[in-house]
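Chain by chain, the residues run as shown.
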Amino acid sequence: INHIVHNGGLYKRPFNEAFEETPMLVAVLTYVGYGVLTLFGYLRDFLRQWKIEKCQNATEREEQKDFVPLYQDFENFYNRNLYMRIRDSWNRPICSVPGAKVDMMERVSHDYNWTFTYTGRVIKDIINMGSYNYLGFAQKAGTCQEAAAKVLSQYGAGVCSTRQEMGNLDKHEELEKLVARFLGVESAMAYGMGFATNSMNIPALVGKGCLILSDELNHASLVLGARLSGATIRIFKHNNMQSLEKLLKDAIVHGQPRTRRPWKKILILVEGIYSMEGSIVRLPEVIALKKKYKSYLYLDEAHSIGALGPSGRGVVEYFGLSPEDVDVMMGTFTKSFGAAGGYIGGKKELIDYLRTYSHSAVYATSLSPPVVEQIITSMKCIMGEDGTTVGKARVQQLAENTRYFRRRLKEMGFIIYGNEDSPVVPLMLYMPAKIGAFGREMLKRNIGVVVVGFPATPIIESRARFCLSAAHTKEMLDTALKEISEVGDLLQLKYSRHRLVPLLDRPFDETTYEETED
C-alpha cells in the first residue's frame, strides 16, 4: 500500500510511504514454520523432562519445585526452543569504532548456541549496516575526538554527582543553550541516558486523571514512561489520523470513565522516525489535530534529529513546521551525534518544571564531560558554526545514500517498509528460519546486519533492519547491495509483487511500478 499524501495543503512536500501487503503464501508458510518449531519444542521439552536430552537451560532447584516459577511459561519456552536456535545472530562483540566498517571478534558454539567460545581471531573491515551512526560522527580521529580528549584531560571521565548537587558543569550549561538554539526553542535540558529521558520524564508531565494517546508502534521507553505515570493509556493505529481523531473526540465527549469529568490533560505520544518500520510521523496532521482538540504533543526525535531536514534539525524542519507547535521536543544524542544521553526542549516554564520534578534530573548522575564535548562539537559542525560545510555535506550525503539504497532494494524485488526519506530501512524476511540464515550469510560476506524477530516485531513480520550512514561511500553501498541481492536469491527473499523498473532517465523522485507475476 503506497501513501502519497498532500492533504489539502498541510504537506509542503510529497510524503511517500510503502507497506506492501504480505503475500498470502508467505504468511501461511511463516505460520507453518512457527507451528513446526513449536511442535518440535514440545517434543524436546518432553525428552528433557525424561532426561533423554540434556537440559541446558536454567531450571528451579528440586526443593523449589512448588514455588511460583520465575519466568512465564511461554516466554521461557520461546527462548529455549526458538530463540536459542538463532541466538548467534545477536550480541556479536565488536572491537573497533562502530563507523562505516567495524572489526568483530569471532566466536563459535559447540552446543547449539547455549554457550559461545572466542577463537581469538578478529574479522576485519566488516561493512557496518546496523549502527545508528547516521551522520558518521562515530570516529576515532577528527575534531570531535580531539576536543573530547582535551576535555577528558581537563575534567576527567565522570562527574560523580547529580545536576542539583555538585554535578552541574559549565559544559552542561553550554550544551543546553546550544541544543535550545539548534532546535529553535526557548530552553532545553540534557540527560545522561536516552531511554530514561522518556521513561522518567513522562511521569513528571502526566499522572492520574490524565490521558495518554500513544501510537501502537512507539518505542519501549515511551511505553514504560506512560505506564509509570499512572495516566490512562489509549492506543491509536500506527500513523493513522482517523484513529487518533476518534480517540480525541471520544476523550472530550465522554471524559474520564465512571465520573465523566474532563481529563486534566491529554498528551499525544509520537516518534519522528519509527525505528522498526522506517516510517515518518504524519506531523502536520498530528499538529492540526492537537490544535483542534486542545491537547499536548510529545515528540520523540531519537532517530530523526540530525537525520532529517535540510540542515538536520529533524522531522519538524523536514515538514517546514514551527518548533513552537510541539509542546515537548525530545531526542537523543546516541545516534546522529555519536555520543550518549538525551534532551528535552520546549518552553522555559516546561524546562524549569522538569529541572525540579524530573527523576532523571534529580536522582541521575549528570553527563560525562567528554561525552558533552562530543555532542557540542558535532552539533556545531552540523550547524556550520565550526567554520566548515562538513556538517551540511554529511546531512545531504545521508539523504542521498538513503534514497539510493531504498530505490536499489526495491528494484531488486525485496519488500521494503517505510518512508523513502527514512535512513532506517526494514527488509522483510517473514519466515523464522530465514532470520538466522540471513544474518549468517551476510556475515560470511563481510556485511554486518541487524535481524529482528518476535517479540520486537509481530510474530510473522521478521525483518532485517539496515541503518544508513553519511560515512557509507557509494562503493560500500554497492558492495552491500550486491551481497544482499545474492543472499536474497539464495534464500528466496524477493517477495515483492510491485518491482520497481530501473530507468536511467527517470526523474529522481518519481517512481514507476511494474506488476510482476505471482
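In the annotation of an unreviewed UniProt entry, the entry for the protein reads serine C-palmitoyltransferase, and the organism field reads Ardeotis kori. In its Sequence similarities (unreviewed entry) section, the UniProt record describing the protein reads: "Belongs to the class-II pyridoxal-phosphate-dependent aminotransferase family." Listed in UniProt under the heading Subcellular location (unreviewed entry), the comment for the protein reads: "Endoplasmic reticulum membrane".

Chemist: Mind showing me how you'd approach a nonpolar patch on the surface here?
Modeler: A cluster of nonpolar side chains, namely Met-24, Val-28, Val-32, Val-36, Phe-40, Leu-43, Phe-46, Trp-50 and Ile-52, defines an oily patch on the protein surface of about 950 Å² accessible area. Looking at where Phe-46 falls in the secondary structure, it is placed in helix 1 (residues 24–49). Here Phe-46 falls in the partly exposed class, since its relative accessible area comes to 46%.

Chemist: I'm lost on the sheet that holds strand 14 (residues 447–448) in this one. Help?
Modeler: Paired through backbone hydrogen bonds, the strands of a sheet run either parallel or antiparallel to each other. Pairing within the open sheet is mixed, and its three strands lie in the order 3-4-14. Both outer strands of the open sheet, strand 3 (101–108) and strand 14, are each paired with one neighbouring strand and no more. Pairing between strand 4 (residues 117–128) and strand 14: two bridges, direction parallel. Residue Asn-128 lies in a different strand from strand 14, and its bridge partner there is Gly-448.

Chemist: How should empty space enclosed by the protein be read in this particular structure?
Modeler: Where empty space is left can be seen by rolling a probe of water-molecule size over the atoms. One pass over the structure, following the stated rule, counts two cavities of 30 Å³ or more. Estimated volume of the second largest cavity: approximately 80 Å³. As for the second largest cavity, its lining consists of Arg-163, Met-189, Ala-190, Tyr-191, Gly-192, Ser-360, Ala-361, Ala-364, Thr-365, Ser-366 and Leu-367. Breaking the lining of the second largest cavity down by element, the ones donating at least two residues are strand 5 (187–191) and helix 11 (359–363). The element contributing the most residues to the lining of the second largest cavity is strand 5, with three residues. Of the residues that constitute the lining of the second largest cavity, the class distribution is six nonpolar, four polar and one charged.

Chemist: Whenever I open this one, the UniProt feature "transmembrane region" (unreviewed entry) in the protein confuses me. Can you help?
Modeler: With numbering aligned to this structure, UniProt lists the feature "transmembrane region" (unreviewed entry) at residues 24–43. As a span, residues 24–43 carries 100% helix and 0% strand, and end to end its C-alpha atoms are 29 Å apart.

Chemist: How should I be thinking about the UniProt feature "domain: Aminotransferase class I/classII large" (unreviewed entry) in the protein in this particular structure?
Modeler: What UniProt calls "domain: Aminotransferase class I/classII large" (unreviewed entry) maps, in this numbering, to residues 124–484. Structurally, residues 124–484 comprises 43% helix and 17% strand, and the distance from its first C-alpha atom to its last is 19 Å.

Chemist: Got a minute to help me understand the nonpolar core in this structure?
Modeler: The nonpolar side chains of a soluble globular protein tend to be buried with one another. Residues Met-129, Phe-405, Leu-409, Phe-438 and Phe-466 are the most contacted members of the largest nonpolar core, which totals 106 residues. Looking at which domains feed residues into this core, each of domain 1 (19–128 + 389–497) and domain 2 (143–383) gives three or more. Not counting the four nearest positions on each side in its chain, Met-129 is found in contact with Phe-405, Ile-447, Gly-448, Val-449, Arg-465, Phe-466, Cys-467, Leu-468, His-472, Leu-477 and Ala-480. Core analysis: the next-biggest nonpolar cluster, separate from the first, contains 21 residues, Leu-269, Ile-344, Ile-351 and Ala-361 among them.

Chemist: Which parts of the structure should I look at to understand the pairing of strand 5?
Modeler: Both faces of the sheet carry side chains from a regular strand, because those side chains alternate between them. Buried residues dominate strand 5, accounting for five of its five residues. Of the two faces of strand 5, the one holding Ser-187, Met-189 and Tyr-191 and the one holding Ala-188 and Ala-190 are both buried throughout.

Chemist: It is not clear to me how the sheet that holds strand 16 (residues 462–467) should be interpreted in this structure. Could you clarify?
Modeler: Pairing within the open sheet is antiparallel, and its three strands lie in the order 13-16-15. Both outer strands of the open sheet, strand 13 (424–430) and strand 15 (450–452), are each paired with one neighbouring strand and no more. Strand after strand, the sheet turns through a mean of 25° between neighbouring axes, direction not considered. Sheet analysis places strand 15 next to strand 16, joined by three bridges and oriented antiparallel. Opposite Val-452, over in strand 16, you have Arg-463 as the bridge partner. Running at roughly 20° to strand 13, helix 13 (residues 390–412) makes contact with strand 13 and strand 16 of the sheet.

The rules we used
Residues numbered from 1 in each chain as written. Predicted model: local features only at pLDDT ≥ 70, side-chain atom pairs only at ≥ 80, totals over all residues. Heavy atoms only, no water. UniProt positions renumbered as here; feature names shortened; annotations may be inferred. Patch = residues over 30% accessible without salt bridge, like charges linked within 9 Å, V, L, I, M, F, W, Y side chains within 5 Å. Areas by Shrake-Rupley, 256 points an atom, 1.4 Å probe, with all protein chains shown as cover. Salt bridge = Lys/Arg side-chain N within 4 Å of Asp/Glu carboxyl O. Helix = DSSP H or I, 4+ residues; strand = E, 2+ residues; numbered from the N terminus. Buried < 20%, exposed > 50% of the residue type's maximum accessible area, 1.4 Å probe, protein only. Pairing = 2+ DSSP bridges. 1 Å grid on protein atoms, 1.4 Å probe; cavity = no way out; pocket = protein on both sides within 12 Å on 5 of 7 lines; lining within 4 Å. Points joined across faces, edges and corners; volume = space filled by probe spheres on them. Nonpolar A, V, L, I, M, F, W, Y, C, P; charged D, E, K, R; others polar. Core = buried A, V, L, I, M, F, W, Y, C linked by side-chain atoms within 4.5 Å. Domains from an automatic or database assignment. Contact = heavy atoms within 4.5 Å. Axes fitted to C-alpha atoms, helices over the stretch in contact; angles between N-to-C directions.

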